[in-house]
There are 4 protein chains.
Amino acid sequence: MDCRSDEELYQLVQESRVHTIEGMVADYIPALAKADLSSLSVAMAFPDGSCYSAGDVETKSTLQSISKVIALALALLDNGEEYVFQRVGMEPTGDPFNSIIKLETIAPHKPLNPMINAGALAVSSMIKGESVEERLGRLIHLTELIIGEEGIGYNEEVAQSELETADLNRSMAYYLKQHSVIEDEVDEVIELYTKQCAIEMNCVDLAKVGLLLAMDGKHPATGEMILPPRVASICKTFMVTCGMYNASGEFAIRVGVPAKSGVSGGIMASVPQRCGIGIFGPALDDRGNSVAGWDLMEKMSKKYDLSMF
Amino acid sequence: MDCRSDEELYQLVQESRVHTIEGMVADYIPALAKADLSSLSVAMAFPDGSCYSAGDVETKSTLQSISKVIALALALLDNGEEYVFQRVGMEPTGDPFNSIIKLETIAPHKPLNPMINAGALAVSSMIKGESVEERLGRLIHLTELIIGEEGIGYNEEVAQSELETADLNRSMAYYLKQHSVIEDEVDEVIELYTKQCAIEMNCVDLAKVGLLLAMDGKHPATGEMILPPRVASICKTFMVTCGMYNASGEFAIRVGVPAKSGVSGGIMASVPQRCGIGIFGPALDDRGNSVAGWDLMEKMSKKYDLSMF
Amino acid sequence: MDCRSDEELYQLVQESRVHTIEGMVADYIPALAKADLSSLSVAMAFPDGSCYSAGDVETKSTLQSISKVIALALALLDNGEEYVFQRVGMEPTGDPFNSIIKLETIAPHKPLNPMINAGALAVSSMIKGESVEERLGRLIHLTELIIGEEGIGYNEEVAQSELETADLNRSMAYYLKQHSVIEDEVDEVIELYTKQCAIEMNCVDLAKVGLLLAMDGKHPATGEMILPPRVASICKTFMVTCGMYNASGEFAIRVGVPAKSGVSGGIMASVPQRCGIGIFGPALDDRGNSVAGWDLMEKMSKKYDLSMF
Amino acid sequence: MDCRSDEELYQLVQESRVHTIEGMVADYIPALAKADLSSLSVAMAFPDGSCYSAGDVETKSTLQSISKVIALALALLDNGEEYVFQRVGMEPTGDPFNSIIKLETIAPHKPLNPMINAGALAVSSMIKGESVEERLGRLIHLTELIIGEEGIGYNEEVAQSELETADLNRSMAYYLKQHSVIEDEVDEVIELYTKQCAIEMNCVDLAKVGLLLAMDGKHPATGEMILPPRVASICKTFMVTCGMYNASGEFAIRVGVPAKSGVSGGIMASVPQRCGIGIFGPALDDRGNSVAGWDLMEKMSKKYDLSMF
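Residues numbered from 1 in each chain as written. Chains lettered and ligands numbered in written order. Predicted model: local features only at pLDDT ≥ 70, side-chain atom pairs only at ≥ 80, totals over all residues. Heavy atoms only, no water.

In this section: helix H9 (residues 203-214) of chain D. Residue and element names in this part refer to chain D. The first and last C-alpha atoms of H9 sit 16 Å apart over 12 residues, in line with the 16 Å expected at 1.5 Å per residue. Where burial is concerned, most of H9 is hidden: 12 out of the 12 residues are buried. Taken residue by residue, H9 has Cys203, Val204, Asp205, Leu206, Ala207, Lys208, Val209, Gly210, Leu211, Leu212, Leu213 and Ala214 as its buried positions. At the N-terminal boundary of H9, the capping side chain belongs to Asn202, with an oxygen 3.1 Å from the backbone nitrogen of Val204. (Helix = DSSP H or I, 4+ residues; strand = E, 2+ residues; numbered from the N terminus. Expected span 1.5 Å × (residues − 1). Buried < 20%, exposed > 50% of the residue type's maximum accessible area, 1.4 Å probe, protein only. Polar contact = N/O pair within 3.5 Å; in protein donor to acceptor, adjacent residues only side chain to side chain.)

Turning next to the domain arrangement of chain A. Residue and element names in this part refer to chain A. Its domain assignment divides chain A into domain 1 (4-64 + 199-303) and domain 2 (67-197). Computed over C-alpha atoms only, the centres of domain 1 and domain 2 are separated by 20 Å. Tallying the contact residues gives 34 residues for domain 1 and 41 residues for domain 2. Of the roughly 3,200 Å² buried at the junction of domain 1 and domain 2 (both faces included), carbon and sulfur atoms supply 69%. (Domains from an automatic or database assignment. Contact = heavy atoms within 4.5 Å. Buried area = accessible area lost by both parts, 1.4 Å probe.)

Okay, the relation of the copies chain C and chain B next. For the pair chain C and chain B, the best superposition has an RMSD of 0.0 Å and corresponds to a rotation of 180° with a translation of 0.0 Å parallel to the axis. In the structure described here, the two chain copies are related by an operation that fits a two-fold rotation axis. Residue Thr93 of chain C, judged by its C-alpha, is the member of chain C lying nearest the rotation axis, at 2.5 Å. By residue overlap, the copies meet face to face through one surface: 97% of the interface positions of chain C are interface positions in chain B. (Least-squares fit on C-alpha atoms with pLDDT ≥ 70 in both.)

It is worth spelling out the sheet that holds strand S4 (residues 61-62) of chain B at this point. The sheet built from three strands is open, its strands ordered S4-S6-S5 (chain B) with antiparallel pairing. The open sheet has two free edges, formed respectively by S4 and strand S5 (153-154) of chain B, since each of these has just one partner strand. (Pairing = 2+ DSSP bridges.)

Listed per partner, the contact involves 30 residues of chain C and 29 residues of chain B. When chain C packs against chain B, the two sides together hide about 2,400 Å² of surface, and 64% of this comes from carbon and sulfur. One can count two salt bridges joining chain C with chain B. Across the pair Asp95 of chain C and Lys102 of chain B runs a salt bridge whose closest N-O atoms are separated by 3.6 Å. At the level of secondary structure, the elements contributing two or more residues to the side of chain C that touches chain B comprise helix H10 (229-242) and helix H11 (248-254) of chain C. Counting residues per element, the side of chain C that touches chain B draws most heavily on H10 of chain C, which supplies eight residues. Split into classes, the residues belonging to the side of chain C that touches chain B amount to 12 nonpolar, nine polar and nine charged. (Salt bridge = Lys/Arg side-chain N within 4 Å of Asp/Glu carboxyl O. Nonpolar A, V, L, I, M, F, W, Y, C, P; charged D, E, K, R; others polar.)

This part covers the pairing of strand S3 (residues 51-55) of chain D. Each regular strand shows side chains that alternate between the opposite faces of the sheet. Residues and elements named next belong to chain D. Bridge analysis of strand S1 (residues 4-5) against S3 gives two bridges, and the strand direction is parallel. The partner of Arg4 across the bridge, within S3, is Tyr52. Across five bridges, the pairing between strand S2 (residues 41-45) and S3 is antiparallel. Bridged to Ala43 within S3 is Ser53. From the end of S2 to the start of S3, which pair antiparallel, there are five residues, and Gly49 there has a positive phi angle of about 90°.

A few words on the pairing of strand S8 (residues 266-271) of chain C. Residues and elements named next belong to chain C. Among the six residues that make up S8, six are buried, leaving the element largely enclosed by the rest of the structure. Of the two faces of S8, both are covered, the one formed by Gly266, Met268 and Ser270 as well as the one formed by Ile267, Ala269 and Val271. Linking strand S7 (residues 259-261) to S8, which pair antiparallel, is a turn of four residues; within it Gly265 sits at a positive phi near 95°. Relative to strand S9 (residues 275-280), S8 is paired through six bridges, and the arrangement is antiparallel. Each residue of the ladder has a partner; that of Gly266, found in S9, is Phe280. The antiparallel hairpin formed by S8 and S9 contains three residues in its connecting segment, where Gln273 sits at a positive phi of about 65°.

Before going further, it helps to examine the state of the cysteines. Tallying each qualifying case throughout the model produces four disulfides over all chains. Through a disulfide, Cys3 of chain A is tied to Cys51 of chain A; the S-S separation comes to 1.9 Å. Disulfide Cys3 of chain A to Cys51 of chain A: torsion about the S-S bond roughly -75°, handedness left-handed. Within this pair, whereas Cys3 of chain A is found in the segment before strand S1 (4-5), its partner Cys51 of chain A is found in strand S3 (residues 51-55), the two being separated by 48 residues in sequence. Cys3 of chain A sits in the buried class, given a relative accessible area of 10%. Here Cys203 of chain B stays free of any disulfide, with the sulfur of Cys3 of chain B as its closest cysteine sulfur at 6.9 Å. Counting only cysteine sulfurs, Cys242 of chain D is the nearest neighbor of Cys235 of chain D, a cysteine outside any disulfide, at a range of 12 Å. (Disulfide = S-S within 2.5 Å.)

Residues and elements named next belong to chain A. Residues annotated by UniProt as "binding site: substrate" (unreviewed entry) correspond here to Ser65, Asn117, Glu162, Asn169, Tyr193, Tyr245 and Val263. As for its placement among the helices and strands, Glu162 is situated in helix H6 (residues 156-163). Not counting the four nearest positions on each side in its chain, Glu162 is found in contact with Ile29, Gln64, Thr194 and Cys197. Position of Tyr245 among the secondary structure elements: in the loop between helix H10 (229-242) and helix H11 (248-254). For Tyr245, a relative accessible area of 7% gives the class buried. (UniProt positions renumbered as here; feature names shortened; annotations may be inferred.)

Turning to the packing of aromatic side chains, a few remarks are in order. One pass over the full model with this rule turns up 18 aromatic pairs over all chains. With a centroid separation of 6.0 Å and 40° between ring planes, the pair formed by Phe85 of chain C and Phe238 of chain C is classed as tilted. A residue pair is termed long-range when its members are at least 10 positions apart, and Phe85 of chain C in helix H2 (residues 67-87) and Phe238 of chain C in helix H10 qualify at 153 residues. Across the pair, exposure class does not vary: Phe85 of chain C and Phe238 of chain C are buried alike. Here the basic side chain of Arg87 of chain A rests over the ring of Tyr83 of chain A, its NZ or CZ set 3.7 Å away from the ring centre. The ring of Tyr245 of chain D has Lys260 of chain D sitting right over it, with the charged end atom 4.5 Å from the ring centre. (Phe/Tyr/Trp six-rings, centres within 6.5 Å; stacked < 30°, edge-to-face > 60°. Lys NZ or Arg CZ within 6 Å of the ring centre and 35° of its normal.)

Structural data, given as structure tokens:
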């Protein structure tokens, strides 16, 4: 682990950790319901290779919705902007991430953005490959390139648990198939999406994902261009407008940093040109964001003046 | 065919037939798209066994949504009122038959009534049997008892065609499964529902279905109680409040008779204590009802003073 | 009072009265909030002039939404069917009576039916007259003709109380004015509508309103045609499809009689060719219907076999 | 006019001007419908006091929805963050700016953000003052401080024209009053809001508004802090998440700059620390944004690398 524990961050973690008791785990995914509610970890990764961390840093968690950002990047690489945005919109919704209503009320019937579940299902279906294995493999490989390390995998127990409770996602996927937004077999899309959500890492690796986006797609150590700047820019923009579920607007006001959350309690943030941040804290608020993670982001934003606005 | 062609009905059919050019076939079901748009047939069946018909009487068509009434009767026989209405509501919706919105907005998340697709899927899943074949067989058998004749079957080509284009119904079924309204495998429910919709008959048999409900479930010829009066009453009530898609309110005002339509262009009507009516006219209006069939029902209601109101 | 108290009805009232504790008064209208929650009264009026009653028969209450039926009758008399239904639809909605959503989502932007508030506001605006006083006077006069007695008035305290809390109705009226469904000044429409809702009577008079509709508009004593049969028929049809707020479908299944409720706890029912029923019981369920009144209607429907279906 | 016409900007204006034929004026406001569809003007104002412009620079237009940003700033100054955001949310909606649906579906019933009409009505009602005149005067005075010049006024003809066609806004205001989000008389709120929308200026002054926000509230010439940095930050954040109606998400992706549009065809943009941009081009797309103005912003963003993301 190339990330030093940091006293200042530790103080912030201790202060934010008290908020974990206000949250709940995502109990609709049985395997997530086992998470330690009081856990909280954070890492900050900087362009010069330095890294600071605090809390339960060793704990690995699944990405859940955070994976939507990496999947979007790969779908853009595979298909180009024009193709992707013919099938998925760019607008925030104001609705919960798993709402199906706007698929019916908005014409044409395409998901409003790639960060809600409907849009993420469409995005995953655009990742190229002959099989679910190949497509998932390509996504994991891109994740490894972004982090700059091999050995990323997905949590099979979580994936299996989610597959068994994915009926709402199946419902959305069939709705999208009805309207030709998805062309694949729904079962395959659901399998790919569910396994993608189960990709796991610790907060240090998560911070490195944020850092690469903060650096416009260029790997800070090697200088290699992992993602084209335009792709990194698109990802960060969606993180601002729709990254924190239907609390994205509030997060932009209170924190002001591109960030994406997941129901595992993860938050991945990108402070342009400055740093990447990774947080895991499984106690969730009623909109699906980590309670303590949100509080910690607010504190870090104020202390280090991170807001873009 | 024990149904005499009738000159007066023939005149009405000729007058209503001109409206067929205003309609369209249900082109989202390829096999239905082949129907002869200008076709129109009608039969009236009376308690004394007399029957009058006009138009293309020999033409068999599939029941489509009309089957929802018979399926509801069987589900009530199989499970009782209380069980059924814990899973399906009793309220008209004002929305199109294939709308998914209220499944999300209404709590608890159950379909508003058994005549919209979501409700009908839930109802079909409550028909008892070890397999799709057995369940479908029981439904067909009940249909034969109602009509008083054997030999009812379903149109395999139409069923197959609908199965291939049933993604919206699959979407709704998975939504219902998510909320435990449906407990079966979705694939089985969809297969059963789709085959049920493909049950076919001509307008004379359809009129006999209407007649049995008009007679409170008692077979007019044999006096046998095929359905309990309460079940027949429930069916007729839903036919008034939600039988003609989201034009049910208007039909009640303009015609005033319990009736159920299907996108094959069928209308089955029950005039309490007086007669059953069967109509097939595949040219549909924008809400899914037979254009000429609706017009014919209006003319018949006025001429024979059929309205309940 | 020409209505005999009846022992059998009294027994039913006593049984239903226990349900009053399950309900609440309509507390958003301060003047209604003073009503005696445990009160319950009923009258049945028959074509031969006989009348039976039980409970707190002397108590006068305001009509509230029940007035929508009489206002619709007058608007139809004043403007004809075609004009009225160009501005108001015929479909039940499945939504609460004060919902504004469908005004935006349905095109053209007209209220779905005359029994929800939006539709009733449009209907009231179609009542002819030079002033609110004249229009209200004409409505009260029609009510007196229907009942066959003079002396009907409105409760000024209730009207004033509602006027002060009518912002949601004002909101709907301006929405309708935006879409040219209402052409009058909104303030006048609101005043007329609010005073119309405050027309008051006891359950015996209410039963007589129901009786006239049951007799197709003909006054049972004098034989005078107060309403054309078509107008009476339209009123009864809406009472079936949308008379009991968003529980109309359930009421049709459980009771099976055309009826209209109001948040004062009133229910006015018409059993075709047989009788009119008037009930007041101010304890309301969560959809705005009298709890004990509903229960009493169920009991009467079973005991006297009142269902149309 | 202290703003030099610029050849490079002129070229861009000429290229974007061809798109004006794709747009329409906001014909629901009669006085706006007279605007010259082919008109287009732009100005860029820089911290060093330099300013470049092109097109029909002398033309004054009304701010319309752009005024929502200044009104929000004043409401925050008058009441503080906590008070304001108890009454108005922070989330983008995905719905049109004049949609009323979410007021009913979201609980508590407060507008989702200050940039949709419902939210802007609530915000205007929070501007302090004894009368509409005083409140409007305070808003105009703040506008003058921001621009650094006196002489700002509102267009009475446009205000009058909008007042006469403001029924949808009245509808929303009464809805908000029903739920205590607005406490004032609705007529006053509508008058204030309508006059605020009619504040007029040319594109140079508009660019200066953008510049002050870009400079975190500090006047670039005098160094005076006109708005606290936090208020300027909140304004810019909402401009990113909800500034361009229900195309805000797409604008963030394609242009990447905080901006607010109005149905007069105005766009006011703030490029942090770099410049303010003012555009008027009255031909609108179907979501209410200036067609040519949007195109021009895309071209300027690419040419001058303005995106924050």
